Number of protein chains: 2
Amino acid sequence: MSGKTVLIVDDEPAIREMIAVALEMADYECLEAADAREAHALIIDRQPDIILLDWMLPGTSGIELARRLKKEETTADIPIIMLTAKVEEDNKIRGLEVGADDYITKPFSPRELVARLKAVLRRATPPGIDAPIEVDGLTLDPSSHRVAANDSFLNVGPTEYRLLQFFMTHQERVYTRSQLLDQVWGGNVYVEERTVDVHIRRLRKALGERHDYLIQTVRGAGYRFSTQPA
Amino acid sequence: MSGKTVLIVDDEPAIREMIAVALEMADYECLEAADAREAHALIIDRQPDIILLDWMLPGTSGIELARRLKKEETTADIPIIMLTAKVEEDNKIRGLEVGADDYITKPFSPRELVARLKAVLRRATPPGIDAPIEVDGLTLDPSSHRVAANDSFLNVGPTEYRLLQFFMTHQERVYTRSQLLDQVWGGNVYVEERTVDVHIRRLRKALGERHDYLIQTVRGAGYRFSTQPA
DNA sequence: CCCCAGTGTTACAACCATGTGACAGGTGTT
DNA sequence: AACACCTGTCACATGGTTGTAACACTGGGG
């Protein structure tokens, strides 16, 4: 599934363990390090996809480690999420300043952690970042952030755009409302599942009769984007 | 939303209960058996997705049961996790020798149990879980949630879809109406057994004359999905 | 050949998932 | 402040789906 590798850097074994369990439940592979030295070794050796980095560390501090990682070319594009017990705005600013991609204050729920991590990973993973996708006269162009049907541009809202983009990059497969909330909304938000229906509706309307067949309802399951009519 | 069924085999009711509670919190359905005989009956009847098997059992020992299960073709691919109070390396080796997929020594934390169980399930779950199943021109594709016959898509309702999916993943074997209710409807619902007949009928109709021979009536017993005409 | 349990088939009412329009709050712009 | 836009949620409409009963049929045993 995800198969992503997460490096957890915290000097508290109990905290590392808690995080690891939560992440493993969500199907991530976990590495653990207690200090900056261990962390650096693992980063070089195992090349994790993302790093959870505690603010406070014995020896080299977390923020210092982050700064160094972001300076080195080979490690600069590994996303970093900073963890901290303090609720000081200062830290947040300094953390993001050195290149952390997100910032979580302890205590946090495992759910929140997983959600944020997921969000950062998705955001940070640029696969074929801006190749336009075209299906049966319907074109979505990420670079211009526009949707066109046979020449004329369509007026789709931000959420509908993300929804359509997700669908066009994941065709021929059913997604439950819950999955769509995770993938399109971002997982860390709480919204009703029925909200998905409404946005589906809006997207269909925006696409017009010419193309709304592409978004298919699978009763009892979810929605599917497919060029082949139901 | 795992929906996986776990069979817990242990002669100590308190331990079964503890495990069951932990697993149910993690959204697994639990079955319980106190000895090998009960266990075997439940395995045949309910076909759990994984078995937690205590080393020590009155009568037939856990290891003996494991050995038998792994010898029978119909049960050989059900993952088994051995539980034991002893910390003897011997047991571990013998346990894995007979085909157990993992091994946990008591006492263990619920977390550890769930984590291991999940790992085993993930590992043991054939990657083909999402792969389309094809039989004589009849194709069921779980990822797109579609059923096709030779090219054209078939219109099957949610229940018929689940029924067909179950049959196609459990071919050449007779299932009673009761078993089908457990497997397809979900065990803890009360519906008339005759309801199965009706859905069988609907599924047959949906499949059309070309394929309805696949679903065969076994008078006095139940139904069977088989490529070989009755 | 008749009878009866078992199964096929149909109809139907209740239910449930989804479609749809409206609305209120929020955000940013002018 | 007024405005346009977007968002999430609700209430209601609609149509598909479901379980059940009722009746027709079948096959095997007496």
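Residues numbered from 1 in each chain as written. Chains lettered and ligands numbered in written order. Predicted model: local features only at pLDDT ≥ 70, side-chain atom pairs only at ≥ 80, totals over all residues. Heavy atoms only, no water.

1. A closer look at the overall build of chain A
Rules: Think of it this way: any DSSP run of H or I at least four residues long counts as a helix, any run of E at least two long counts as a strand, and we number them from the N terminus. A 1.4 Å probe rolled over the protein chains alone gives each residue an accessible area, and that area as a share of the maximum for its type sets the label: buried under 20%, exposed over 50%, partly exposed in between. We call two residues in contact whenever any of their non-hydrogen atoms come within 4.5 Å of each other. Residue-level accessible areas treat just the shown protein chains as cover; the underlying method is Shrake-Rupley with a 1.4 Å probe.
Helix and strand counts for chain A stand at eight helices and twelve strands. Across the 230 residues in chain A, those meeting the buried criterion constitute 45%. Relative to all contacts within chain A whose residues are 6 or more apart in sequence, the contacts with residues 24 or more apart total 53%. Accessible area for chain A stands at about 12,100 Å²; split by element, carbon and sulfur atoms hold 49% of it.

2. Some details on the interface of chain B and chain A
How we decide: Throughout, buried area stands for the accessible area (probe radius 1.4 Å) lost by two parts on being put together, summed over both. Salt bridges are defined by distance alone: a side-chain nitrogen of Lys or Arg within 4 Å of a carboxyl oxygen of Asp or Glu.
Residue-level contacts link eleven residues of chain B with 17 residues of chain A. Of the roughly 1,100 Å² buried where chain B meets chain A, counting both sides, 49% is carbon and sulfur surface. On the chain B side of the interface with chain A, the three residues burying the most area are R111, H145 and R146 of chain B, jointly 38% of the side's total. For the interface between chain B and chain A, the tally reads one salt bridge.

3. Some thoughts on the pattern of salt bridges
Applying the stated criterion to the full structure yields 13 salt bridges over all chains. Taking the shortest distance from any N to any O, the salt bridge between E172 of chain A and R146 of chain B comes out at 3.6 Å. Taken together, the residues E172 of chain A in the loop between α6 (158–169) and β10 (174–175) and R146 of chain B in strand β8 (residues 146–149) connect one chain to another. R146 of chain B gets classed as buried once you look at its relative accessible area, which sits at 7%. Here R210 of chain B and D136 of chain B are joined by a salt bridge, their closest N and O atoms 3.2 Å apart. In this pair, R210 of chain B is assigned in the loop between α8 (194–207) and β11 (215–218) and D136 of chain B in the loop between β6 (133–135) and β7 (138–141), connecting sequence segments 74 residues apart. For R210 of chain B, a relative accessible area of 42% corresponds to the partly exposed category. We classify D136 of chain B as partly exposed; its relative accessible area is 34%. One network of salt bridges, in which partners are shared, links R177, R194 and D197 of chain A.

4. As for α8 of chain B
Residue and element names in this part refer to chain B. Short version of the rule: To estimate the expected span of a helix, count its residues, drop one, and scale the result by 1.5 Å.
Taking 1.5 Å per residue, 14 residues should reach 20 Å; α8 reaches 20 Å between its end C-alpha atoms and fits that length. Within α8, burial applies to V196, D197, H199, I200, L203 and L207. On the buried face of α8, the contacting elements are β7, α6 (158–169), α7 (177–185), β11 and β12 (222–225). Two residues or fewer past α8, G208 is found with a positive phi of approximately 85°.

5. Some details on the protein's contact with DNA strand C
The following threshold applies: One heavy atom within 4 Å of a molecule or strand is enough for the residue carrying it to be called near that molecule or strand. The term polar contact refers here to a pair of N or O atoms within 3.5 Å; inside protein, the definition further demands a hydrogen-donor-capable atom paired with an acceptor-capable atom, and it admits residues adjacent in sequence only when both atoms are side-chain atoms.
Lining the immediate environment of DNA strand C, one finds 23 residues, of which R201, T217 and Y223 of chain A together with R201 and T217 of chain B sit closest. Restricting the count to atoms of DNA strand C within 4 Å of the protein gives a sugar and phosphate share of 60%. A distance of 2.5 Å separates a phosphate oxygen of DNA strand C from a polar atom in the side chain of T217 of chain A. Side-chain polar atom of Y223 of chain B to a phosphate oxygen of DNA strand C: 2.6 Å apart, as the coordinates give it. For the surface near DNA strand C, the secondary structure elements donating two or more residues are α8 (194–207) and β11 (215–218) of chain A together with α8 and β11 of chain B. No other element matches the six residues that α8 of chain A contributes to the surface near DNA strand C.

6. Focus on the layout of surface pockets
Left-over empty space is what a probe sized like a water molecule reveals as it rolls over the atoms. Operational definition: With a 1 Å grid laid over protein atoms only, a set of points is called a cavity when a 1.4 Å probe fits there but cannot get out and a pocket when it is open yet has protein on both sides within 12 Å along at least five of seven lines; lining residues have an atom within 4 Å of a point. Grid points are joined across faces, edges and corners, and a volume is the space filled by probe spheres set on the points. Asp, Glu, Lys and Arg are counted as charged, while Ala, Val, Leu, Ile, Met, Phe, Trp, Tyr, Cys and Pro are counted as nonpolar; the rest, among them Gly, fall into the polar class.
For the second largest pocket, the calculated volume is near 330 Å³. As for the second largest pocket, its lining consists of 15 residues, of which V218 and R224 of chain A together with L154, N155 and V156 of chain B are closest to the centre. Every element with two or more residues in the lining of the second largest pocket is listed here: β11 of chain A together with β8 and α6 of chain B. In terms of residue class, the lining of the second largest pocket is made up of eight nonpolar, four polar and three charged.

7. What about the protein's contact with DNA strand D?
Taken together, the neighbourhood of DNA strand D is formed by 22 residues, with T159 and R202 of chain A together with T159, E192 and R202 of chain B sitting nearest. For DNA strand D, a phosphate oxygen lies 3.2 Å from a polar atom in the side chain of W185 of chain A. Between DNA strand D and E192 of chain B there is a distance of 2.6 Å, counted from a phosphate oxygen to a backbone nitrogen or oxygen. Elements with a contribution of two residues or more to the surface near DNA strand D: α6 and α8 of chain A together with α6 and α8 of chain B. Its residues assigned to classes, the surface near DNA strand D shows eight nonpolar, six polar and eight charged.

Taken by themselves, the reported measurements are silent on function.
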